[in-house]
Amino acid sequence: MTVDHPSRPTGSSEVAARHDALPDSFDNPGLPAHRHRMADTDPVAASRAERQVVGLFALSAAGTIFAMVAYFVWTPEGDFASIKSSTLGVGLGMALSLFALGVGAVHWAKTLMPDAEVVEERHALRGTEDERAAALEILRIGGEESGIGRRPLIRNSLLGALALFPLPGIVLLRDLGPLPGDVLTHTLWEEGVRLTRDPTGTRIKASEVTLGSVYHVIPEGLGDAEHPLEEKAKAAVLLVRMDRSNMVVNDPAREGWDVDGIYAYSKICTHVGCPVALYEQQTHHLLCPCHQSTFDVTQYCKVIFGPAKRPLPQLPITVDDEGYLVAQSDFTEPVGPSYWERGDR
Amino acid sequence: MSQTTTTKAAAGTADWLDERLGLSRSVKGIARKVFPDHWSFMLGEVALYSFIILLISGTFLTLWYVPSMTLTTYEGAYAPLNGVEMSDAMASTLHISFDIRGGLLMRQIHHWSALLFIAAMAVHMFRVFFTGAFRKPRELNWILGVVLSLMGLGAGFTGYSLPDDLLSGNGLRIIDGVVKSIPVIGTYTSFFLFGGEFPGESIIPRLFIIHVLLIPGLILALIGAHVGLVALHKHTQYPGPGRTNGNVVGFPLMPVYMAKAGGFFFIVFGVVALVAATVQINPIWNYGPYDPSPVSAGTQPDWYIGWIDGGLRLMPGFTEFSLLGFTMSLNVLVPALIIPGVVTGVLIAYPFLEAWVTGDKREHHLLDRPRNAPTRTGLGVMAIVAYGIMWAAAGNDLMATAFGLSINDLTWLFRTGLFIAPPLALIITRRICLGLQRKDRELALHGHESGTIVRTAEGEFYEVHRPLTDTERWILVQHESPEPLELGSQVDSNGVDKPGARKERLRAKVSRFFFEQRVEPVTPTELAASHHDGSHEIIEPTPEHAAIEGSDRPTGHGHQPVGGS
């Protein structure tokens, strides 16, 4: 035992004086005497343990066979019930096969293999002084033979070349994707693009939008876009109608962006981009189900709780000659999560 | 007769192999290697075995899975989604679930063992931390373990996204938002990662190759190094009679550990198969294919991502700001990247930090009982509590609906709790540890309460205590209790700070924090004194004891030990 105990004050110097014959710390009492198991001494117990192990292995084999039979007996036919029986049958068979095999092996080890503990000495990991000296000498000779110390030019040019050689590996990754450009600032919305229902794509008449209703909206012609999913990921809009008098604040700059209380807001959360899909009709709050950012429609979707910072961008809308809702323009700011180059736009 | 034939054949094979591989030397070196026995040493094994299960079940899944985002119209056994447009990835995952016999079972085995893999690594890490197994010479292996758990998270995240269903797609959307929050390079990184705008058509095949080749390859290599170092260092052991810092006491690899560990692999596999057969996980057919517009309420990530998701929920929005035309989204950056980065850094640094504080340069092969390292144990519990709060915060919406609470109140509760509960946990845990150490002292000094009340001739009552045997006592008294660092003179003869004085003062400060509150283990002197000073053990007086007791017995209250009278 290499552990040494720090000297410590004893409760009373008088007592200490009387016991200076005693060591500072206790001695390790050594391994306790080995206690035999039933199976070590009693042949009946040993053969019982043997039977148990064999029984478990037999059970495992039975499980294996059951799993294979189940595979052919319960064939999935597309409905849940048959999938469930197939999964359950094969799975339970496999579970039994594996579990019984494992328990059998462990039981064998615990009851019949020697259980007397063995002591193995540890050795210091550090090499001996001689070994360390020899290793240093080898390294020294190696260094000398290579001449790396004597020829600094070789060494330095080697280091330079080594530092440079991975660069093509990084440059070659350039074509992983295009540069962002300004695509994040544009969506499919532009003047005159009709608002349509998601996912059917049917147009929405302003007159159909009743007070308190909410629509999930995509721009008309989304399906014909070159990259519909990417466009949808930016252009998804939530349409709500409420009484204009509910508005707590009024921004003159947004005068005429709604159609008689029909407001269109980007559905993409300004936090990390989940769809803000929950609308509380009573409070006019929009809630993002991912991280609970809460936007107040009566304050132009200002964040009133949660991790988002910026309000949901509003889409200016109007009605066309036929009474359908159309966009007045694109969003006036980038939608979705913040990014470095976004700035104050 | 067949016995001899078999023996001959075996001998022949062994001879053939030895002459080509020098196998006898390896067998001699490894086969009787001793491993100590303790249930907590199986936690790492569970992680290893669940990884093997992941390799087996994952290979099965790749036989049918199509890592492509090309849109296709689903025509398959699952009628409700027939005719729905979805990616090949999603369609092939449905195909595995509904058309391939045992396919759903394998998917569930794969997903459950992934959850188990990371959970087992985490609990294994707790064990290593709380017992101080990370100390010299095992610091490097601790770091390998930290990297392995990060790899586990990476494997889990990349695999989670592969079915390309609505749930995992929204997960990817969050990843996109997180990547975009990185200053300067975030937007570019996002475009390179997704091959353009989110979601693009590249991310699934890219995640696939990372998930099935890159990460498992790295994990395998790291596991090799991790287990190799265990063999090199020899396993640590808990303190106990006969167990010293210089030996390892346990059972030999061959045959006991081969049977036990091999059997345990099948037990773990069996349990995973049982769970997978009976408990549904990730029913992607309920979620449907990914579409950037819909989202399901009450979405939960896999458990190991929960703490990051919880952090995202807790971080208030005002921490985002714009400066000079650039946006800094600390509300995303801090919980999603900075905190995990700092946690990783602290985990890697901890063994070195503790060694710096203690100044201990010895090898440690005997584990600490957590109570005997109160500050370390407290710090560990503090970290777990902080992690737990962030993790629980990821379920704030579910808790709010289940218990009818306000989600805003819950969020504020978690926000406040994150700052208050961890330090409290440290203090309380340390007190509990010190209390347990005092209990150990009490037990070592006075033995077990026997429940027998004895009345002395003088009319005094006392309870008879049964003293511990040497073996019983050893576990209570074997440890060290480091003292706080004594600060020597900090100035030189001119009254100027010595070089490194500030560092030394800091070290002394941290050392006081670690070791100021301490309970000493019982010494033989104290034990002898307690026997002497009127405790109530039944003591067979050794000559030494008799002498002590004979020399000066305190008058008045000295109870003659029953056995000794």
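Keep in mind that what you see is a predicted model, and the values were worked out from it rather than measured.

Visitor: Would you explain the overall build of chain A in this entry?
Guide: The secondary structure content of chain A amounts to eight helices and 11 strands. Against the compact-globule benchmark of 20 Å for 345 residues, chain A has a radius of gyration of 39 Å, which places it well outside the compact range. When the backbone C-alpha atoms are referred to their principal axes, chain A occupies close to 105 × 75 × 65 Å. Classification of the 345 residues of chain A by burial places 33% in the buried group. Restricting the contact set of chain A to residue pairs at least 6 apart, pairs at least 24 apart contribute 56%.

Visitor: For this particular structure, what's the right way to read the overall build of chain B?
Guide: Helix and strand content of chain B: 20 helices and eight strands. For chain B, the spread of C-alpha atoms along the principal axes amounts to about 100 × 85 × 60 Å. Burial status across chain B gives 42% buried among its 565 residues.

Visitor: What should I look at first to understand the sheet that holds strand β4 (residues 247-252) of chain B in this one?
Guide: What holds strands together in a sheet is hydrogen bonding between their backbones, with the strands either parallel or antiparallel. Pairing is antiparallel across the open sheet formed by three strands, whose spatial order is β1(A)-β4(B)-β1(B). Each of the sheet's edge strands pairs with one partner strand only, and the pair in question is β1 (118-121) of chain A together with β1 (34-35) of chain B. Pairing between β1(A) and β4(B): four bridges, direction antiparallel. From the neighbouring strand, Val119(A) faces β4(B), where its bridge partner is Val249(B). With respect to the sheet, helix α10 (residues 253-278) of chain B is in contact with β1 and β4 of chain B, its orientation differing from that of β4(B) by roughly 70 degrees.

Visitor: I would appreciate a short explanation of the nonpolar core in the present structure.
Guide: Among soluble globular proteins, nonpolar side chains are generally buried collectively. Counting 167 residues, the largest nonpolar core has Leu195(A) and Val237(A) as the members making the most contacts within it. Considering every element that reaches this core, the biggest residue donor is helix α5 (residues 103-130) of chain B, with 15 residues. Not counting chain neighbours up to four residues away, the residues in contact with Leu195(A) comprise Ile204(A), Val217(A), Val237(A), Leu239(A), Ala264(A), Ile317(A), Leu325(A), Val326(A) and Ala327(A). Of all hydrophobic cores here, the second largest spans nine residues; its members include Ala444(B), Leu476(B), Val522(B) and Leu527(B).

Visitor: So what exactly am I meant to see when it comes to unusual backbone geometry here?
Guide: Excluding glycine, residues mostly have negative phi values, and the peptide bonds linking residues are mostly trans. Residues and elements named next belong to chain B. That bond from Lys 136 to Pro 137 is cis: its omega, 5 degrees, falls within 30 degrees of zero. Residue position: Pro 137 is located in the loop between α5 and α6 (139-161). In the segment running from Phe 198 into Pro 199, the intervening peptide bond is cis, with an omega of -5 degrees. Considering the arrangement of structural elements, one finds Pro 199 in the loop between α8 (186-194) and α9 (203-233). A positive phi is found at Asp 164, a non-glycine position, where the angle reads about 60 degrees. With respect to the helices and strands, Asp 164 occurs in the loop between α6 and α7 (166-180). Residue Asp 164 is classed as buried on the basis of its C-beta count, with 26 C-beta atoms lying within 10 Å.

Visitor: Mind showing me how you'd approach α8(B) here?
Guide: Side chains that are three or four residues apart share a direction in an α-helix, a result of its 3.6 residues per turn. Residue and element names in this part refer to chain B. Of all nine residues that make up α8, seven are buried, and the element is covered over most of its length. Looking at the buried positions of α8, the neighbouring elements they touch are α7 and α9. One or two steps after α8, the chain reaches Gly 195, where phi turns positive at roughly 65 degrees.

Visitor: Whenever I open this one, the sheet that holds strand β6 (residues 278-280) of chain A confuses me. Can you help?
Guide: All names here are of chain A. Pairing is antiparallel in the open sheet, where four strands are placed in the order β6-β7-β8-β9. A strand with exactly one partner marks an edge of an open sheet, and here the two such strands are β6 and β9 (302-305). For this sheet, the mean angle separating the axes of adjacent strands, direction not counted, is 35 degrees.

Visitor: Just checking my understanding: could you explain the packing of helix α4 (residues 80-111) of chain A against α10(B) for this structure?
Guide: When two helices pack together, their arrangement is given by the angle between their axes and by how far apart the axes lie. Across the interface, α4(A) lies against α10(B) with an axial gap of 7 Å and an inter-helix angle of 160 degrees. Accordingly, the angle class assigned to the pair α4(A) and α10(B) is roughly antiparallel. Read as a crossing pair, α4(A) and α10(B) show a hand that is left-handed. Class assignment of the residues belonging to the contact of α4(A) with α10(B) gives a composition of 24 nonpolar, seven polar and one charged.

Visitor: I'm lost on the domain arrangement of chain A in this one. Help?
Guide: Parsing chain A into structural domains produces domain 1 (38-111), domain 2 (132-164) and domain 3 (186-342). Averaged C-alpha coordinates put domain 1 of chain A and domain 3 of chain A at centres separated by 58 Å.

Visitor: Is there a simple way to explain the domain arrangement of chain B in this structure?
Guide: Reports of interface size often rely on the accessible area that becomes lost once the parts have come together. All names here are of chain B. Split into domains, chain B comes out as domain 1 (33-67 + 76-240 + 257-313 + 321-368) and domain 2 (433-564). For domain 1 versus domain 2, the distance between C-alpha centres works out to 47 Å. Of the residues lining the interface, six residues belong to domain 1; the matching set on domain 2 comes to eight residues. In terms of residue class, the side of domain 1 that touches domain 2 is made up of three nonpolar, two polar and one charged.

Visitor: Help me understand the environment of Trp412(B), please; the structure alone is not making it clear to me.
Guide: Mapped onto the secondary structure, Trp412(B) falls in helix α16 (residues 407-446). Along the backbone, Trp412(B) and Leu54(B) are 358 residues apart, and their C-alpha atoms lie at a distance of 39 Å.

Visitor: I keep staring at the interface of chain A and chain B and nothing clicks. Help me out?
Guide: On the side of chain B, 105 residues touch chain A, which itself brings 92 residues to the contact. When residues in the side of chain A that touches chain B are grouped by element, the largest group, 18 residues, is from α4(A). Each residue belonging to the side of chain A that touches chain B can be placed in one class, and the counts come to 53 nonpolar, 24 polar and 15 charged.

Visitor: Please explain the pairing of strand β6 (residues 326-329) of chain B as it appears in this structure.
Guide: Residue and element names in this part refer to chain B. Only one face of β6 is buried, namely the one carrying Thr 327 and Ser 329, since none of Phe 326 and Met 328 on the opposite face is buried. As paired strands, strand β5 (residues 320-323) and β6 are joined by four bridges and run antiparallel to one another. Residue Ser 322 lies in a different strand from β6, and its bridge partner there is Thr 327. Hairpin connection, β5 to β6: the antiparallel pair is bridged by two residues, and Leu 324 has positive phi, about 55 degrees.

Visitor: What is the right way to look at the confidence of the model for chain B in this model?
Guide: Detailed reading of the predicted coordinates is not advisable wherever pLDDT falls low. Per-chain confidence: chain B averages 90 in pLDDT, with 93% of residues scoring 70 or above. The ipTM for the predicted assembly is 0.90, set against a pTM of 0.91.

Visitor: What exactly am I supposed to notice about the pairing of strand β3 (residues 214-219) of chain A here?
Guide: Regular strands show a simple pattern: their side chains alternate between the two faces of the sheet. Residue and element names in this part refer to chain A. As paired elements, strand β2 (residues 195-197) and β3 share three bridges and run antiparallel to each other. Bridging across to β3, Arg 197 finds its partner in Val 217. Both β3 and strand β4 (residues 237-241) contribute to a ladder of four bridges, which runs antiparallel. Its bridge partner being in β4, His 216 is matched across the sheet by Leu 238.

Visitor: Would you take a moment to explain the environment of Glu442(B) for this structure?
Guide: All names here are of chain B. By the element assignment, Glu 442 lies in helix α16. We classify Glu 442 as partly exposed; it has 13 C-beta atoms within 10 Å. Expressed as a C-alpha distance, the spacing of Glu 442 and Gln 490, which sit 48 residues apart in the sequence, is 40 Å.

Visitor: Would you explain the packing of helix α3 (residues 42-62) of chain B against α10(B) in this entry?
Guide: Residues and elements named next belong to chain B. Orientation of α3 relative to α10, taken along the N-to-C sense of each, is 60 degrees, at an axis distance of 9 Å. Crossing hand, α3 versus α10: right-handed. Contact with α3, carried on its side by Met 42, Glu 45, Val 46, Tyr 49, Ser 50 and Ile 53, involves Ala 261, Phe 264, Phe 265, Val 268, Phe 269 and Val 272 of α10 and no other residues of that element. Its residues assigned to classes, the contact of α3 with α10 shows 10 nonpolar, one polar and one charged.

Visitor: I'm lost on the confidence of the model for chain A in this one. Help?
Guide: Averaged over all residues, the pLDDT of chain A equals 90, while 94% of them reach at least 70. Every residue in residues 1-17 of chain A is under pLDDT 50, and counting partners more than four places away or in other chains gives 26 contacts.

Calculation criteria
Residues numbered from 1 in each chain as written. Chains lettered and ligands numbered in written order. Predicted model: local features only at pLDDT ≥ 70, side-chain atom pairs only at ≥ 80, totals over all residues. Helix = DSSP H or I, 4+ residues; strand = E, 2+ residues; numbered from the N terminus. Rg over C-alpha atoms; globule rule 2.2 N^0.38 Å. Buried ≥ 20, exposed ≤ 12 C-beta atoms within 10 Å, placed from the backbone. Contact = placed C-beta atoms within 7 Å. Pairing = 2+ DSSP bridges. Axes fitted to C-alpha atoms, helices over the stretch in contact; angles between N-to-C directions. Core = buried A, V, L, I, M, F, W, Y, C linked by C-beta atoms within 7 Å. Parallel < 35°, antiparallel > 145°, perpendicular 65-115°, else oblique. Left-handed = near helix turned anticlockwise from the far one by under 90°. Nonpolar A, V, L, I, M, F, W, Y, C, P; charged D, E, K, R; others polar. Domains from an automatic or database assignment. pLDDT = per-residue confidence, 0-100.

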